[in-house]
Amino acid sequence: MFPTKRLEGKNILVGITGGIAAYKSCELIRYLVTQGAHVRAMMTANGEKFISRLTIESLCNYPVYTEMFPEGRYAATHHIELADWAEAVIIIPATANIIGKMANGIGDDFLSTNLLALHCPTVFAPAMNSNMWLNPAVQRNIATLKNWGYGICDPEEGFLAEGYSGVGRLARLEYQVQHLYRAIHPHPESLKGKTVLITAGGTREHIDPVRMLTNRATGKMGFALAWEAFARGAEVILVHGPGSLIPPVEVESHGVVSAAEMFDTVQRHFPRADLFISAAAVADYTPARYSTSKIKKEEQGLTLKLERTRDVLKTMSQQKKAHQRVIGFAVETDNPLENARKKLIDKNLDMIALNNPSEAGAGFGVDTNKVTVMTRDDARELTPGYKLDVAGEIFDRLLGTGEGGRDD
Ligand code: CTP
């Protein structure tokens, strides 16, 4: 899960309706609180049957809203106060009932009435039995909400509480967070209509059936760029090496292993891309010969003959059309500015993001990075911080949406 500064101080409202996945809302609330968001929650009467109010109150550190007319309140407008307070909302889980009510403008309890009064980005995370989800009435209601601009965090296929598999499981936490991240994004339309192709992670060059050459890249920076591009409304194509990260939601993701596979996959998709960001640590060398049987150890040692792989980034930028922009990364431990500038020119890039993996707070596998972005006539250090926030600043520099830049 990516931490981010963007949630700090944000007013996030979580609505819990009556489904077995209600317990999963706890994990989301916990994440939001750890990111510094102010979280308040509202629950339906059925929601309270699945999870206790006390649990949610303890996590939010704030009373949960449930009643339209609670005792002791002098005015019946607290559903409006809460709607005016919220900067982003997620209904998790969203039952067929709440989806149907919203699509038809019905407010008959606190939560549904509050939904009608909201005027900030709102996400529904449906969870229900697969037959209910596929019911044409539910599908029509979902289409209506989508059409009105609500975010829908589609349910996933998997094992259901009923004891069989189908589509209807609440989307995983990463997907919920990605939708919320988009909901709070200051520039959610800044890549609308654009296709962004991103490479991420390391590649593996096999020597024999049990050995390989690889590097320390985990893909976090590239995946963070994919989250960011999704939040800005882009179509995202992610080509990534092996690893444990979950491909982001609504992203066309292609897993590859070797540098040659990465080259072929990027080559196939590059013509569709408006922007190509090469964040992968692609192997520069591959064994000249693959041994189909395990190489036995010899007393005199082993000399491996390696040959060069193709440079994905350089080849793509040689093919780039006028509307396409190509961005590279440079991993440098010595003479960083000089070496990165050389790559910028040599690979004919529009921008290069330079980082030094040996610096504290940067490098492989960690959540933070320190990056300097360079163009032909500018070099600027970005705010050191979480990879997702660094990804945000990279797009800010590219699109002019940052501080002092153009606002969409
Ligand atoms: N790159 C690529 N294909 C390769 C090697 C690198 O697309 N076969 C891309 C990387 O994704 C990165 C950029 O080129 O965007 C620079 O990668 P880096 O490893 O810093 O440099 P190299 O070009 O490999 O040169 P060197 O290892 O000598 O620094």
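> Mind laying out helix α10 (residues 220–231), listing which residues take part and the relevant values?
Between its first and last C-alpha, α10 extends 16 Å over twelve residues, near the 16 Å set by a 1.5 Å rise per residue. Counting buried positions along α10 yields twelve of twelve residues, so the element is predominantly enclosed. Restricting attention to buried positions, one finds in α10 the residues K220, M221, G222, F223, A224, L225, A226, W227, E228, A229, F230 and A231.

> Let's hear about the environment of C60: which residues, and what values?
Relative to the helices and strands, C60 is located in helix α3 (residues 53–60). Owing to a relative accessible area of 9%, C60 belongs among the buried residues under this scheme. Separated by 150 residues in the primary sequence, C60 and V210 place their C-alpha atoms 49 Å from one another. With near-sequence residues (within four places) excluded, C60 lies in contact with I29, V39, R40 and A41.

> Please set out the environment of V64 residue by residue, giving values where relevant.
Along the chain, the position of V64 falls in the loop between α3 and α4 (78–85). V64 sits in the buried class, given a relative accessible area of 7%. Separated by 23 residues in sequence, V64 and A41 place their C-alpha atoms 5.2 Å apart. Beyond its immediate stretch of four places on either side in the chain, V64 contacts A41, M42, M43, R53, I56 and E57.

> How would you summarise the site of the ligand if you had to cite specific residues and measurements?
Around the ligand sit 16 residues, and of these S278, A280, F329, K343 and K347 come closest. Interatomic distance of 3.0 Å between a backbone N/O atom of V312 and a nitrogen atom of the ligand. Within the complex, 76% of the 570 Å² of free accessible area of the ligand lies under protein. When atom positions are compared with the pocket grids, the ligand is found to occupy the largest pocket. Those elements giving two or more residues to the shell around the ligand turn out to be α12 (312–319) and β16 (325–331). Sort the elements by how many residues they give to the shell around the ligand and β16 lands first, with four residues. When the residues that make up the shell around the ligand are grouped by side-chain class, the tally is eight nonpolar, three polar and five charged.

> Explain the sheet that holds strand β19 (residues 372–375) to me, using residue names and the numbers behind them.
Reading across the sheet, the eight strands line up as β12-β11-β8-β13-β16-β17-β19-β20 and stay open at both edges, with mixed pairing between neighbours. In this open sheet, the two strands that pair with only one neighbour each are β12 (252–255) and β20 (378–381). With direction set aside, neighbouring strand axes in the sheet form an average angle of 15°. Each of β8 (195–200), β13 (275–278), β16, β17 (351–355), β19 and β20 is contacted by helix α14 (residues 387–399), which is oriented at about 140° to β16, the strand it contacts most.

> Pulling in residues and values, what's your account of the pattern of salt bridges?
Inspection of every chain in the model, using the stated rule, returns 20 salt bridges. Between K192 and E189 there is a salt bridge whose closest N-O contact spans 3.9 Å. Residue K192 is classed as exposed on the basis of its relative accessible area of 55%. Between R310 and D264 there is a salt bridge; the shortest N-O distance is 3.7 Å. Pair noted here: R310 is in the loop between β15 (306–308) and α12 and D264 is in helix α11 (residues 259–269), with a separation of 46 residues, a long-range link. Taken together, the shared-partner salt bridges in this structure form one network comprising R6, E228, R232 and D396.

> Go over the packing of aromatic side chains with me, naming the residues and quoting the values.
In the structure shown here, the tally under the stated rule is five aromatic pairs. Note on F2 and W227: the rings are 5.0 Å apart at their centroids and 85° apart in plane angle, and the pair reads as edge-to-face. Taken together, the residues span a long stretch of sequence, with F2 in the segment before β1 (11–16) and W227 in helix α10 at a distance of 225 residues. Looking at F2, the relative accessible area reads 6%, which means it is buried. Seen from their ring centres, F124 and Y150 are 5.6 Å apart, and the 75° between their planes marks the pair as edge-to-face. Of this pair, F124 sits in strand β4 (residues 122–126) while Y150 sits in the loop between α8 (136–147) and β5 (151–152), and the two are 26 residues apart along the sequence. Residue classification places F124 among the buried residues on the basis of a relative accessible area of 0%. Taken together, the aromatic side chains of Y62, Y65 and F110 make up a single cluster linked through ring pairs. Residue placement shows R40 over the ring face of W85; its charged tip is 4.3 Å from the ring centre. Here the basic side chain of R310 rests over the ring of F263, its NZ or CZ set 3.8 Å away from the ring centre.

> Could you give me a rundown of unusual backbone geometry, with the residues and numbers involved?
With omega at -10°, the peptide bond leading from I92 into P93 counts as cis. Along the chain, P93 turns up in strand β3 (residues 88–94). Positioned with a positive phi, E250 is a non-glycine residue whose angle comes to about 50°. The exposure class of E250 is partly exposed, given its relative accessible area of 48%. A positive phi angle is found at N348, which is not glycine, with a value near 50°. Note on placement: N348 falls in the loop between α13 (336–346) and β17.

> Can you explain the side chain of N11? Please cite residues and give values.
Here N11 is to be found in strand β1. According to the relative accessible area criterion, N11 is buried, its value standing at 14%. Within the structure, N11 has its side chain in polar contact with the backbone oxygen of W85 (distance 3.1 Å). The residues touching N11, leaving out its near neighbours within four places in the chain, are H38, W85, A86, E87 and A88.

Rules used throughout
Residues numbered from 1 in each chain as written. Predicted model: local features only at pLDDT ≥ 70, side-chain atom pairs only at ≥ 80, totals over all residues. Heavy atoms only, no water. Helix = DSSP H or I, 4+ residues; strand = E, 2+ residues; numbered from the N terminus. Expected span 1.5 Å × (residues − 1). Buried < 20%, exposed > 50% of the residue type's maximum accessible area, 1.4 Å probe, protein only. Contact = heavy atoms within 4.5 Å. Near = heavy atom within 4 Å. Polar contact = N/O pair within 3.5 Å; in protein donor to acceptor, adjacent residues only side chain to side chain. Areas by Shrake-Rupley, 256 points an atom, 1.4 Å probe, with all protein chains shown as cover. 1 Å grid on protein atoms, 1.4 Å probe; cavity = no way out; pocket = protein on both sides within 12 Å on 5 of 7 lines; lining within 4 Å. Sits in = over half its atoms within 2 Å of the grid points. Nonpolar A, V, L, I, M, F, W, Y, C, P; charged D, E, K, R; others polar. Pairing = 2+ DSSP bridges. Axes fitted to C-alpha atoms, helices over the stretch in contact; angles between N-to-C directions. Salt bridge = Lys/Arg side-chain N within 4 Å of Asp/Glu carboxyl O. Phe/Tyr/Trp six-rings, centres within 6.5 Å; stacked < 30°, edge-to-face > 60°. Lys NZ or Arg CZ within 6 Å of the ring centre and 35° of its normal.

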